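Residue-level structural notes
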Amino acid sequence: MAGSRAAGKKAGKAAQSVAGSGVAGTGARAKPALKAVAANTNASPANAQAMESQPHTGLPSVGYSKKTIALVYDFDGTLSPRPMQEYSFLPQLGIDPKDFWAECTRIARERQADPLITYMHLMYKKAKEKGLVVDRAALVAQGASVELYPGVTEWFDAIGDYVRLRAETPGIELRHYLISSGLTEIIEGTAIAPHFHNVFASEYWFEPYETPFPKRVITDTGKTQYLFRINKGIEDLGESINQHMPEDQRPIPWSNMIYFGDGETDVPSMALMKKSGGAAFAVHNPDLSPKMCEELFRAGRVDFYAGADYRRGSDLFKRTCLLIDRILADIRVREEVWGLGHGS
C-alpha cells in the first residue's frame, strides 16, 4: 500500500490465451446469500450490493461447502497509483503531498506517535486551518476523484467470468475484500466500492459539533486480524476472533485466498498468507522500478509479482488466473476426499 500507507511507509513507516482474450460467463448470475452482511453491523450499502452482484457457478452446493474463493486487496499502491488523500483532499488545501507526508513523519517520530493516527489527526487539523469541512459526506464525495490502475474497473467482472468458465464443481463463490489503512469514507465514494463483499479500512468517528476522532486504524500488522476474520467467517467487528476455531470449521480455507499488495507494509499479510497455505501477489506501478516486488519474490514472500495492469491479457491477469486454477483444483480434490469420507 502506498498511500495512507504513505503515512505508515513515509511516516514511520493474471491461464493462457483464454485468460488474455476474455472469457464468457457460463450463464446468469445467481445471487449469493446475504447472511454474512446481514450479520455484519459494519456493512455498508456498497457491501450489500457487492454480495448481490458477486458470481456463483449458478448451482447449489451440496455436501462439501468450503468453495468460497476470497481475493483480498490493499488499496493505495495496489489498486490506485497514489495515496487516496492526494487526489482531492490535499489539493483542496493547497498542500504539496510530499510536504504533508514529511510533516506526518516528523510529528510521529518526535512524539513517538502511531503514524496512521498522526496522518488522520493532521488531515483534520489542516482542514480546520483552511476552513474546509471534514465530514462523512465530504470524504465520500472525494472518492470519485481517486485514480485507479488500468483495468481495475473491469477486473472484478473479468475474474468472475474466468471463475465461471473454469469451475468444474457446483457452488463456487468468488468474493472480493479490501483491507486498507486508507479511509473507509473515501473508498466508499470510488467506482469500485460496490464490488467488495466487505471493506476493512481506517475510519473516522463523526459526532455532531465535535472533532472527528479515529474510529478504526488499520496498521500493517493489524491487517492480519482481518485476514483471520475472512478465514473464520467472523466479519462482524463486534465479535471477537480470538477464540480457537479448528481449521476444518473455518468457512474460507487459507488455500482459497489470495492477497494483493504492493510493498513492505503488506509483508505481515503476505507472510501470514504464505505460512498458512494461501497465496500472495505483489504489484508495482508499471512506470516505476519493480525492485521491491523482486525482493519480496526472492525472499519467498509472494507467489508472483507483476506490474499493476489489471486488464485481460496482462501478466497480472494471467498469473492471477493460474493461482485461481490451483485453488479450483484444490477444491475439487478436497471435495472428492470429503465425498469418500462421507460415503458419497
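Note: the structure precedes this text.
Residue positions are counted from 1 within each chain, in the order its sequence is given. Thresholds applied to this predicted model are a pLDDT of at least 70 for local features of residues and 80 or more for the giving and counting of side-chain atom pairs; totals over whole chains, interfaces and linings are not thresholded and use all residues. To get the side-chain values, take all heavy atoms of the structure and skip hydrogens and water.

**As for the packing of helix 11 (residues 223-232) against helix 12 (residues 267-276)**
The cut-off we apply is this: Every axis corresponds to a line fitted to the C-alpha atoms, with the helix fit spanning only the stretch in contact, and the corresponding angles, defined between N-to-C directions, vary from 0 to 180 degrees. Each helix is a run of DSSP H or I of at least 4 residues and each strand a run of E of at least 2, with the numbering of both proceeding from the N terminus. Note on convention: the crossing is left-handed when the near helix lies turned anticlockwise from the far helix by less than a right angle, right-handed when the turn is clockwise. Only heavy atoms matter for contacts: two residues are in contact if any of them lie within 4.5 Å across the pair. Each residue is assigned to one class: nonpolar for Ala, Val, Leu, Ile, Met, Phe, Trp, Tyr, Cys and Pro, charged for Asp, Glu, Lys and Arg, and polar for all the others, Gly among them.
Contact pair helix 11 / helix 12: the axes reach a minimum separation of 8 Å and the direction vectors enclose 35 degrees. For the pair helix 11 and helix 12, the sense of crossing is right-handed. Here helix 11 contributes Lys223, Thr224, Leu227 and Phe228 to the contact with helix 12, which in turn contributes Pro268, Ser269, Leu272 and Met273. Among the residues forming the contact of helix 11 with helix 12, the class breakdown is five nonpolar, two polar and one charged.

**A look at the packing of aromatic side chains**
Applied cut-off: Pairing of aromatic rings covers Phe, Tyr and the six-membered ring of Trp, with a centre-to-centre limit of 6.5 Å; geometry is then stacked below 30 degrees between planes, edge-to-face above 60, and tilted otherwise. Type-normalised accessible area, obtained with a 1.4 Å probe on protein chains alone, sets the label of each residue: buried when under 20%, exposed when over 50%, and partly exposed for intermediate values.
A full pass over the atoms with the stated rule returns 15 aromatic pairs. Between the aromatic rings of Tyr73 and Phe196, the centroid separation amounts to 6.2 Å while the plane-to-plane angle is 70 degrees, which identifies the pairing as edge-to-face. Of this pair, Tyr73 sits in strand 1 (residues 68-73) while Phe196 is found in the loop between helix 10 (184-188) and strand 3 (198-205), placing the two residues 123 residues apart along the sequence. What makes Tyr73 buried here is its relative accessible area of 0%. Judged by centre distance (5.8 Å) and plane angle (90 degrees), the rings of Trp155 and Phe317 are edge-to-face.

**Here we look at the pairing of strand 3**
Put simply, the test is: In this scheme, strands are said to pair when DSSP sees at least two bridges between them.
Burial within strand 3 is extensive, with seven of its eight residues counted as buried. For strand 2 (residues 173-183) and strand 3, the ladder comprises five bridges, and the chain directions are parallel. When the sheet's bridge partners are listed, Tyr177 is paired in strand 3 with Asn198. As paired elements, strand 3 and strand 4 (residues 213-216) share three bridges and run antiparallel to each other. Paired with Tyr204 across the strands is Pro214, a residue of strand 4.

**Some remarks on the packing of helix 9 (residues 152-166) against helix 14 (residues 315-341)**
Basically, it comes down to this: Roughly parallel means an angle under 35 degrees; roughly antiparallel, over 145; roughly perpendicular, 65 to 115; everything else is oblique.
Put simply, helix 9 and helix 14 touch, their axes get as near as 11 Å, and they point 40 degrees apart. By the angle class used here, helix 9 and helix 14 are oblique. As for how helix 9 packs across helix 14, the hand of that crossing is right-handed. Where helix 9 approaches helix 14, its residues Trp155, Ala158, Ile159, Tyr162, Val163 and Arg166 are matched on the opposing element by Leu316, Phe317, Thr320, Cys321, Ile324, Asp325 and Leu328. Classifying every residue of the contact of helix 9 with helix 14 gives ten nonpolar, one polar and two charged.

**Some thoughts on the environment of Gly182**
Within the fold, Gly182 resides in strand 2. Sequence separation between Gly182 and Met84 is 98 residues, and the spatial gap between their C-alpha atoms is 7.0 Å.

**Things to note about helix 6 (residues 97-110)**
For the α-helix, the turn length of 3.6 residues means that residues three or four positions removed from each other point alike. Inclusion rule: Expected helix span is taken as 1.5 Å per residue step, with the number of steps being one fewer than the number of residues. We call two N or O atoms a polar contact when they sit within 3.5 Å, provided that within protein one can donate a hydrogen and the other can accept it, with sequence-adjacent residues counted only if both atoms are side-chain atoms.
With 14 residues, helix 6 should reach 20 Å at 1.5 Å per residue; the first-to-last C-alpha distance of 20 Å fits that figure. Among all positions in helix 6, only Phe100, Trp101, Cys104, Thr105, Ile107 and Ala108 are buried. In this structure Asp96 caps helix 6, since a side-chain oxygen of it lies 2.8 Å from the backbone nitrogen of Lys98. Directly after helix 6, the chain includes Gln112, whose backbone phi takes a positive value near 50 degrees.

Everything listed here is a matter of geometry and, on its own, says nothing about what the molecule does.
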